[in-house]
Amino acid sequence: MDKTMLRGKKEVLRISWITALCLMGDSMLYIVLPLHWKEAGLDSLVQVGLLLSVNRLVRLPLNPVVSRIYRHISLRQGMLAAVVLAILTTASYGFIHTFPLWVAARCVWGLAWSFLRLGAYYAILELCGDRNEGRLFGLYNGHYRLGSLVGMLLGGTVAEVLGLRAVAWLLSAAAVCGVPFLLRGLRIDDAQKKSVRQAESSVPIPQQRSGGAAFLTVLKTKDVPWLLAAALGSAMIYEGMLTSTLSNYAETRQASITVLGFTLGGAFIAGGLQALRWGWGPFLSPFIGGLSDRQSSKARLLTGTMGIAAALLILFPLPLPTWGWMAAAVALLMTSTCTTTLMDALAGSVSGTLSMHNRRTVMTAYSVTLDIGAALGPAVSFWVVQHAGYSAVYWGAAVMWFGLCCYFFVAKPFAKQ
């Protein structure tokens with residue numbers, strides 16, 4: 001068992017590092033494109049906003065398609081396809097100069113990300129042993145976001161000196177150099193695919209239905225609807241609302257700190273907070289995942305985290321001193337890291353009694369729900385900001401989160417998880 005768990009850890013780390021290398025180019029754009037949009041051949045910041053969201057929107061129809069493709073190819077082949085697409089799109093950012101080509105490149109990246117994330121989810125389902133899904137999902141979540149950290153840091157520094165084209169080619173070259181060594185050692189391949197087919201052949205035919213029938217089957221499974229509801233709320237609040245409004249709100253409240261005589265503004269503070277969030281990921285995510293594996297109920301930890309997050313969201317827009325507000329922001333971002341890992345682990349645990357095909361269907365539905373939440377979050381948040389202000393955004397999110405927390409505490413939908 002120890003050797004199996006060690007092998008699972010090594011495989012998940014390889015997958016997370018592959019994902020990190022592929023993610024650098026996408027994350028770089030969030031820093032560079034709003035500043036160098038004229039160099040990219042764009043006409044306005046509106047086009048920048050569309051380009052930074054289109055890759056999420058395109059994943060909504062693509063995730064089910066990629067899930068079906070994975071039924072006919074190995075996980076290793078899917079990862080290889082994702083790597084090729086990611087490298088090509090990152091390199092293309094250095095020479096495309098028209099908005100339609102940018103849209104096409106971002107759509108291709110959306111396809112690559114679907115292969116990467118679903119492949120990672122399916123691989124972790126394969127590698128999960130007796131209550132160790134929390135630690136494996138924690139390892140994955142904690143390490144792959146290092147790609148975002150590196151991409152943003154390099155993007156913000158190199159692009160100022162050499163421009164968008166140079167940093168895009170630099171990051172694509174880094175992926176070309178690093179990924180082959182990781183792929184060569186990856187063992188989630190045809191042997192795993194064979195075990196999946198054997199497992200699926202042992203279950204009754206009705207459970208192997210595909211498409212909408214399979215989705216309806218798992219949707220009727222106990223706890224799955226509430227899992228998807230929590231996933232939607234988590235993605236809307238953290239990946240959508242908090243990520244998109246943090247820098248704007250920091251500027252609005254005129255947050256600033258003075259370090260060694262230099263005054264650092266809200267944008268710098270927000271960027272530093274996001275970097276801090278990804279920096280503690282490799283340590284906090286596996287710890288929370290391992291803690292959830294040792295608890296009798298993952299849902300209990302999730303409910304407690306949701307309650308703390310709701311309280312922090314109420315506190316967040318109050319007229320606090322800058323250092324107090326920053327402390328609240330750090331704590332809130334820590335609940336984001338914890339919630340992401342706990343949600344992934346709970347998704348793996350909820351689907352644990354199903355056939356491998358239906359477990360994959362649950363994870364596909366879960367992934368689609370996360371993308372819907374991440375896509376809706378910014379649009380809903382800025383609409384509310386425009387009509388009611390930032391306090392309404394954060395307090396509305398607190399009410400939604402607190403409502404789910406109360407339901408989970410009273411009804412205990414994941415009592416056995």
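The structure we're discussing is the one just above.
Worth saying up front: this structure is predicted, and the values here are computed from it rather than measured.

Visitor: Explanation requested: the overall build of the protein in the structure shown.
Guide: Scanning the protein for helices and strands turns up 16 helices and two strands. The proportion of buried residues among the 417 residues of the protein is 54%. Restricting to contacts in the protein with at least 6 residues of sequence separation, those with at least 24 account for 84%. If you sum the accessible surface of the protein, you get close to 17,800 Å²; carbon and sulfur atoms cover 69% of it.

Visitor: Teacher, can you tell me more about the state of the cysteines here?
Guide: Formally, a disulfide is one covalent bond, and it connects the sulfur atom of one cysteine to the sulfur atom of another. Counted according to the given criterion, the structure contains zero disulfides. Cysteine cysteine 405 is unpaired, with the sulfur of cysteine 406 as its nearest cysteine sulfur at 5.5 Å. Relative accessible area serves as the criterion here: at 9%, cysteine 405 is assigned to the buried category.

Visitor: What is the right way to read the packing of helix 10 (residues 224-252) against helix 16 (residues 390-411) from this model?
Guide: When two helices pack together, their arrangement is given by the angle between the helix axes and the distance between those axes. Close contact between helix 10 and helix 16 brings their axes to 11 Å; oriented N to C, the two are set at 155°. Classified by the angle their axes make, helix 10 and helix 16 are roughly antiparallel. For helix 10 against helix 16, the interelement crossing comes out left-handed. Looking at the contact of helix 10 with helix 16, its residues break down into 18 nonpolar, five polar and no charged.

Visitor: Sorry if this is basic, but what is going on with the environment of leucine 52 here?
Guide: Position of leucine 52 relative to the elements: it lies in helix 2 (residues 45-69). Beyond its immediate chain neighbours, meaning those up to four positions away, leucine 52 contacts Leu29, Tyr30, Leu33 and Arg106.

Visitor: Explanation requested: the side chain of serine 285 in the structure shown.
Guide: Relative to the assigned elements, serine 285 resides in helix 12 (residues 281-294). Note on serine 285: relative accessible area 2%, which makes it buried. Serine 285 has contacts with Gly138, Asn141, Gly142, Thr337 and Thr341, leaving out every residue within four places of it along the chain.

Visitor: I tried to follow the packing of aromatic side chains on my own but got confused; where do I start?
Guide: Within a pair of aromatic rings, the relevant descriptors are the distance that separates the centres and the angle that separates the planes. Under the counting rule described, the total for this entry stands at 14 aromatic pairs. With a centroid separation of 5.3 Å and an interplanar angle of 10°, the aromatic rings of tyrosine 93 and tryptophan 102 are classed as stacked. For the pair formed by tyrosine 93 and tryptophan 102, the shared burial category is buried. Ring geometry for tyrosine 407 and phenylalanine 408: centres 6.2 Å apart, planes at 65°, overall edge-to-face. According to the relative accessible area criterion, tyrosine 407 is partly exposed, its value standing at 33%. For phenylalanine 408, a relative accessible area of 4% translates into the label buried. Taken together, the ring pairs connect Trp109, Trp113, Tyr140 and Tyr144 into an aromatic cluster.

Visitor: What is the right way to read the nonpolar core from this model?
Guide: Here is a general trend for soluble globular proteins: nonpolar side chains tend to be buried in one another's company. Grouped together as the largest cluster of nonpolar side chains are 113 residues, with contacts concentrated most on Met28, Leu33, Trp102, Trp109, Leu164, Phe316 and Tyr366. The greatest single-element share of this core, amounting to 15 residues, is contributed by helix 4 (residues 99-127). The contact partners of leucine 33, leaving out residues within four places of it in the chain, are Ala40, Leu42, Val48, Leu51, Leu52, Trp102 and Leu164.

Visitor: I keep staring at helix 7 (residues 164-184) and nothing clicks. Help me out?
Guide: Turn by turn, an α-helix covers 3.6 residues, leaving residues three or four places apart pointing in a common direction. Taking 1.5 Å per residue, 21 residues should reach 30 Å; helix 7 reaches 31 Å between its end C-alpha atoms and fits that length. The sharpest bend along helix 7 measures roughly 30° and falls at glycine 178, with the proline proline 180 sitting one to four residues further on. Inspection of helix 7 places Leu164, Val167, Ala168, Leu171, Ser172, Ala175, Val179, Leu182 and Leu183 among the buried residues, and these make up the whole buried set.

Conventions we followed
- Residues numbered from 1 in each chain as written.
- Predicted model: local features only at pLDDT ≥ 70, side-chain atom pairs only at ≥ 80, totals over all residues.
- Heavy atoms only, no water.
- Helix = DSSP H or I, 4+ residues; strand = E, 2+ residues; numbered from the N terminus.
- Buried < 20%, exposed > 50% of the residue type's maximum accessible area, 1.4 Å probe, protein only.
- Contact = heavy atoms within 4.5 Å.
- Areas by Shrake-Rupley, 256 points an atom, 1.4 Å probe, with all protein chains shown as cover.
- Disulfide = S-S within 2.5 Å.
- Axes fitted to C-alpha atoms, helices over the stretch in contact; angles between N-to-C directions.
- Parallel < 35°, antiparallel > 145°, perpendicular 65-115°, else oblique.
- Left-handed = near helix turned anticlockwise from the far one by under 90°.
- Nonpolar A, V, L, I, M, F, W, Y, C, P; charged D, E, K, R; others polar.
- Phe/Tyr/Trp six-rings, centres within 6.5 Å; stacked < 30°, edge-to-face > 60°.
- Core = buried A, V, L, I, M, F, W, Y, C linked by side-chain atoms within 4.5 Å.
- Expected span 1.5 Å × (residues − 1).
- Bend = angle between axes of the 7 residues up to and from the residue.

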